[in-house]
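# Structure at a glance
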Amino acid sequence: MDQKTLSSANLGRLSKLPRARLISGQTLLSGLPNLGQIYQGEVKLFAKRDDCTDLAFGGNKVRQLEFYLGEAQAQNADTILITGAVQSNFVRLAAAGARKLAMDCHIQLEERVAKDDPYYRTSGNVLLDKLLGATLHSYPDGEDEAGADRNLGKIAEDLSAKGHKPYIIPLSPGHAPLGALGYVVCAEELLQQQIDADLKIDEIVVASGSGNTHAGLLFGLRALGSSIPVKGICVRRSVDEQSPRINNRCREIAELLEIDNPVSEDDIEVDDTFLAPGYGAASDDVMQAILVAARTEALMLDPTYTGKSMAGFMARASQAEEGSTLVYIHTGGTPAIFAYEPALERAFTQFSGG
Ligand SMILES: *Cc1c(COP(=O)(O)O)cnc(C)c1O
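Everything in this summary refers to the structure shown in the same document. All values derive from a computational prediction rather than experimental measurement.

Relative to the helices and strands, cysteine 186 is located in helix α7 (residues 178–196). Each C-alpha atom of the pair cysteine 186 and proline 33 lies 23 Å from the other, and the pair is 153 residues apart in sequence. Excluding anything up to four places from it in sequence, cysteine 186 contacts Lys48, Asp50, Arg63 and Leu217.

If you want it as C-alpha cells, here you go:
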C-alpha cells in the first residue's frame, strides 16, 4: 500500500452500526528488541498491546464489546447476559463494560476446564466478576454452546418477567458476529500504524478461539487491500474445526457489513501445534514461552490464550526470513495469570533460569 491514509470506503456498513465507545485511542504497537535478539537474521518483532485496552485490565474483548454493548444500548437494554468458561476474560469485561454504561450483568460460568483448585475457582477473573457485582450462574457442560445459550435465554425470560430489558451476548455460531467488527476496526488501526511508523509488516500472529478476533482482523486487512498473512494459533479447537469456523465467520462479517467477502479459503491459516493438552491447559513449550516473554520484554501472558499464541509467535520468529517484521497481537488475559498460580510455580522450578 502506498497511500498515506486509509479509506474506510471498503468497510460497508461498519460506521453505521451502533458502537459503545470503550476505547479512547489506539493501542500501542511496541517493539520487542530483547526478544528479537534471541532469533537469527535480525527479525523485527512488535506487539500490538491490546492487553492495554482501556477497561478493567484490558484485553481483546473490549473491542468486541463495543459492538455488542452498542447494540444493547440501541435496544435500551438494562442488563447484559453472557456465558463463558470459569476464568473467562470476556465475561469479566462484559461486566465491566456494563458498569461503565450503567447496566447490570448476569454471568453464566461453564465447566469447560477440569480443574478444582481454589485459585482457578475463586481468583483471577472470578474475583473481578464478583468485585464488579455481577450476578453469577453456573452451567454444567463446557462443550455445549447451544445449550449454554438456551440457558441464558431462560435467565433472560425471568428477567423480562420482572420488568428488566435483557440483552444476550451469544456464544454459539449462527449469530451476527458483532464482536468480530471490533477487529475489523483494529485492522484499520494497525494498517494506519504501519504507515505512521514506516514499517512493512510481513506477518501477524494472533490467538484463535471463538475466531472473532482472527476473522475480524483478517477480514479487515483484506477489505482494506492488505495481503499481510495472519497466522491464527488455535487455543480451543484443532485445525480441522477451526479453519471452517474462521471461514464461516468471514462470510458472516461480509453479510453484516453488506460487502463481498474479501477472504478466500486459502487465506485462512491456523496452527494447532500449541493446543495440547487442550483448552485452559498448557504444554511445557507454552509455559516456557510465558517465562521468556516476561523475562525479556515484561509481557504478561496467560496459559489459556496468550501463552499459546506467544509460543506460536516464537516458532514463526525462529523460521522468519532475514530482516522480516512480525507482529504479535497481545489479546490480554492478565487476570487469568492469578488463577494459574500452581502451574506457574511449577514452571519456575522446572525452567529456572529459562
Ligand atoms: C477470548 C480471548 C482470546 C480469543 O479470542 P477470540 O476472539 O475468541 O478468538 C484470546 N486471548 C484472550 C486473552 C482472550 O480472552
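Given a rise of 1.5 Å per residue, 12 residues ought to cover 16 Å, and the 16 Å separating the end C-alpha atoms of helix α8 (residues 212–223) matches this to within 8%. Within α8, 12 of the 12 residues are buried, leaving the element largely enclosed by the surrounding structure. Taken together, the buried positions of α8 are occupied by Asn212, Thr213, His214, Ala215, Gly216, Leu217, Leu218, Phe219, Gly220, Leu221, Arg222 and Ala223. Positive backbone phi, at 90 degrees, marks glycine 225, one or two positions downstream of α8.

Cis geometry is adopted by the peptide bond preceding proline 277, which originates at alanine 276 and carries an omega value of 0 degrees. Inspection of the secondary structure assignment puts proline 277 in strand β10 (residues 277–278). Even without a glycine there, the phi angle at glutamate 42 is positive, about 50 degrees. With respect to the helices and strands, the residue glutamate 42 is situated in the loop between α1 (33–36) and β2 (44–49). Positive phi values are uncommon outside glycine, yet aspartate 198 reaches one of about 55 degrees. One can find aspartate 198 in the loop between α7 and β7 (203–208).

Here we have four strands laid out as an open sheet, ordered β5-β4-β3-β6, and parallel in their pairing. Every interior strand has two partners, whereas the edge strands, β5 (135–139) and β6 (166–169), have only one. Pairwise comparison of adjacent strand axes, ignoring direction, gives a mean angle of 25 degrees for this sheet. Pairing analysis gives seven bridges linking strand β3 (residues 79–85) to strand β4 (residues 104–110), with the strands arranged parallel. Across the sheet, the residue bridging to leucine 81 is histidine 106, located in β4. Its contacts with the sheet place helix α3 (residues 89–100) against β3, β4 and β6, and it is angled at close to 175 degrees to β4.

What counts and what doesn't
- Residues numbered from 1 in each chain as written.
- Predicted model: local features only at pLDDT ≥ 70, side-chain atom pairs only at ≥ 80, totals over all residues.
- Heavy atoms only, no water.
- Helix = DSSP H or I, 4+ residues; strand = E, 2+ residues; numbered from the N terminus.
- Contact = heavy atoms within 4.5 Å.
- Expected span 1.5 Å × (residues − 1).
- Buried < 20%, exposed > 50% of the residue type's maximum accessible area, 1.4 Å probe, protein only.
- Pairing = 2+ DSSP bridges.
- Axes fitted to C-alpha atoms, helices over the stretch in contact; angles between N-to-C directions.

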